[in-house]
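Breakdown of the fold
In case you want the letters, here they are:
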Amino acid sequence: MSIQHHMVVAASLLLAVNTVSAQATATTAGANAGSTRLDPIIQRIASLGKDSSRTYNLMQALTDSIGPRLTGSPGLKNGNDWLVKTYQSWGINARNEQYGTWKGWRRGITHVDLVQPRVRTLEGMMLAWSPGTGNRTIEAPVVILPEFRDSAQFVRWLPEVRDKFVLVSFPQPTCRGDESWGRWKDSTWIRTMMEERAAAARAWTNRVNATGYSLGLGTGSLGRRLEAAGAAGIIASRWSNGWGVNKVFSSINQRAPAIDLSCEDYGLVFRLAEQKQNPVLRVTADAEFLGEVPVYNTIAEIRGSEKPGEYIMLSAHFDSWDGASGTTDNATGTITMLEAMRILRKVYPNPKRTVLVGHWGGEEQGLIGSRAFAADHPEVVEGLHALFNQDNGTGRIGSIGGQGLVAAEQYFTNWLSKMPPEFSANLRTNFPGTPGGGGSDYASFICYGAPAFGLSSINFDYSQYTWHTNRDTFDKTVFDDLKHNATMVAMLVYLADQDPQKMPRGRASLAPDPRTNQPRSWPSCQEPQRTSERYFR
Ligand SMILES: [Zn+2]
């Protein structure tokens, strides 16, 4: 069959499947030409991506040596500089573009020991932007946040926290991963256990709310109030429902350290305190506030030879949380784009349109870097032909949505039909889809109606085990899938550059929101926060 005929088949299958289900499976596999008929540039991209991949070394350098890239940390700036140097070593122009400032903070060591009633070194670390202990070691007893009728009663109790560590999180009854219960207990038993656990967690939330303050992402305004009352430190724990995993976010404390303890160790200290066995903790924590520091997006560029005012963008945020090394969020997206650019520079160094990469800062605080870029570069938003963003873990790209743009289906169908079949096999598509209002950086562009798409990875236990956790480390990378993704992005960029016309921006009428049944409206663009002032207030 001819390529054209295959494309028609693929397109009609897409349409047929999509009328059945919004999350349709597009059976484009095999509906394209065999490898002998592939465009020679596509063939070269495929072989470079597979046989001379640099993903392992790039990932290792970034996540092991540079480490996490918290916004405002020296690690993020080191990473920005490493990206620029890496691009330049390949002959690609790159620059760090300042988009604002953020609270500068250097994380040093955290060491937490239980010293009474027995000795055990605990698994814990400061929350991001926590104060340290200031060249000292703090040894202090522990107090559990009690139940209060109201905020007035809480305030009367506050003198109790002076020179004590305050436990503010729900003590999980079990730190065994839910999947283990599922294997060994029957479903009735599990349902009861989970209901009891959920009720206890709600009661704890009510306990926190009764203070009139909140924990925010970590210790929040409650932590601030406790440190003002003289607490030695705030101890929290945010279990991520699996073996050994906690989500480690941030504190807005200014003086007292805010520490996340593992689920097991938090439970240990909590029970010792609850049973009046007088636990004492010893904490050494080193951290340094560096004032408001400049923060950057790293932008790399291969200038277009025929239509330099039209843009194809690769997009992945570069900042991370710092409970581990930010591997699947989002070093994998970062290396996908970096490796795709390396391949493109080798096999397709003179694109017609300008190829831009955005390695964004401040995504974790609200897509700040990409929103600022879109606001600062209206010419790119205006001239955008297509943007490909990746930001949900290490798995291979398993679904693509049209973001509510009518033309997306036709363009993606065409691109996919020109790739080797493994790139469209098992790929789920959702056209026209709905425009995302947040979640990742494509939203900073689709809000203007510019064609910006998310390349969504298969799950790989992302939300439970690696997303924002203390286990998001190099070893979690699935290199087979990372190579696949980098190769696919390079192909998408090349194929998009062959399109004679910039993608039209006609908007589909949006399906009602299934939760509210209300008609959806196109998401509006938000003003980026250019400083950290509001975030830490
Ligand atoms: Zn992310």
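The structure we're discussing is the one just above.
Residues numbered from 1 in each chain as written. Predicted model: local features only at pLDDT ≥ 70, side-chain atom pairs only at ≥ 80, totals over all residues. Heavy atoms only, no water.

1. Comments concerning the overall build of the protein chain
Across its full length, the protein chain carries 16 helices and 14 strands. Taking 2.2 N^0.38 as the reference for a compact globule, 537 residues should give roughly 24 Å; the C-alpha atoms of the protein chain span a radius of gyration of 25 Å, in line with that estimate. Projecting the C-alpha coordinates of the protein chain onto the three principal axes gives extents of approximately 80 × 55 × 45 Å. Expressed as a percentage of its 537 residues, the buried residues of the protein chain come to 58%. Considering only residue pairs separated by 6 or more positions, the protein chain has 84% of its internal contacts joining residues 24 or more positions apart. Accessible surface for the protein chain amounts to roughly 22100 Å². Of this, 51% is attributable to carbon and sulfur atoms. For the protein chain, the separation between the mean place of its 55 positive charges and that of its 51 negative charges on side chains is 1 Å. (Helix = DSSP H or I, 4+ residues; strand = E, 2+ residues; numbered from the N terminus. Rg over C-alpha atoms; globule rule 2.2 N^0.38 Å. Buried < 20%, exposed > 50% of the residue type's maximum accessible area, 1.4 Å probe, protein only. Contact = heavy atoms within 4.5 Å. Areas by Shrake-Rupley, 256 points an atom, 1.4 Å probe, with all protein chains shown as cover. Lys, Arg positive; Asp, Glu negative; His and termini not counted. Charge placed at Lys NZ, Arg CZ, Asp CG, Glu CD.)

2. Regarding the nonpolar core
Within soluble globular proteins, side chains that are nonpolar generally end up buried alongside one another. Residues Met341, Trp415 and Phe445 are the most contacted members of the largest nonpolar core, which totals 84 residues. At 11 residues, helix H16 (residues 479-498) tops the list of elements feeding residues into this core. Once residues lying within four places of it in the same chain are set aside, the contact partners of Met341 are Tyr87, Ile92, Ala300, Ile302, Leu314, Val355 and Val357. Counting residues in each nonpolar core, the second largest holds 55 residues, with Tyr99, Ile138, Phe170 and Phe249 among its members. (Core = buried A, V, L, I, M, F, W, Y, C linked by side-chain atoms within 4.5 Å.)

3. Here we look at the coordination of the zinc ion
A four-donor tetrahedral metal ideally has 109.5 degree angles, and a six-donor octahedral metal ideally has angles of 90 or 180 degrees. Here the zinc ion is held by His317 (NE2), Asp329 (OD) and Asp391 (OD), and the distances to it run 1.9 to 2.2 Å. Look at where the donors of the zinc ion fall in the sequence and you get H-x11-D-x61-D. In this pair, Asp329 is assigned in helix H10 (residues 327-347) and Asp391 in the loop between strand S11 (384-389) and strand S12 (397-401), connecting sequence segments 62 residues apart. Note on Asp391: relative accessible area 12%, which makes it buried. (Donors = N, O, S within 2.8 Å, 3.2 Å for Na, K, Ca; no water.)

4. Here we look at the state of the cysteines
Applying the stated rule across the entire model yields two disulfides. The partner cysteine of Cys447 in its disulfide is Cys525, sulfur to sulfur 2.1 Å. Judged by the sign of its S-S torsion, about 105 degrees, the bond between Cys447 and Cys525 is right-handed. Note that Cys447 is positioned in the loop between helix H14 (443-446) and strand S14 (452-457) and Cys525 in the segment after H16, a separation of 78 residues in sequence. Residue Cys525 is classed as partly exposed on the basis of its relative accessible area, which comes to 31%. Numbered in order of appearance, the disulfide-bonded cysteines of the protein chain are paired 1-2, 3-4. (Disulfide = S-S within 2.5 Å.)

5. Some words on the packing of aromatic side chains
Aromatic ring pairs are defined here through the distance separating the ring centres and the angle between the ring planes. Scanning the model with the defined rule gives 30 aromatic pairs in all. Arranged with centres 4.9 Å apart and planes meeting at 75 degrees, the rings of Phe412 and Trp415 form a pair that is edge-to-face. Taken together, the positions of Phe412 and Trp415, both in helix H13 (residues 408-417) and three residues apart, correspond to about one turn of that helix. Chaining the aromatic ring pairs together yields one cluster made of Trp102, Trp129, Phe249, Trp321, Tyr535 and Phe536. In this structure, Arg69 packs its charged tip against the face of Phe318, placed 5.4 Å from the ring centre. Across from the ring centre of Trp189, 4.7 Å away, lies the NZ or CZ of Lys185, which sits over that ring. (Phe/Tyr/Trp six-rings, centres within 6.5 Å; stacked < 30°, edge-to-face > 60°. Lys NZ or Arg CZ within 6 Å of the ring centre and 35° of its normal.)

6. Some remarks on the side chain of His468
Inspection of the secondary structure assignment puts His468 in the loop between helix H15 (462-466) and H16. One polar contact links His468 to Asp329, side chain to side chain, over a distance of 2.9 Å. Apart from residues no more than four positions distant in its own chain, His468 is found in contact with Asn246, Lys247, Val248, Phe249, Trp321, Asp329 and Glu364. (Polar contact = N/O pair within 3.5 Å; in protein donor to acceptor, adjacent residues only side chain to side chain.)

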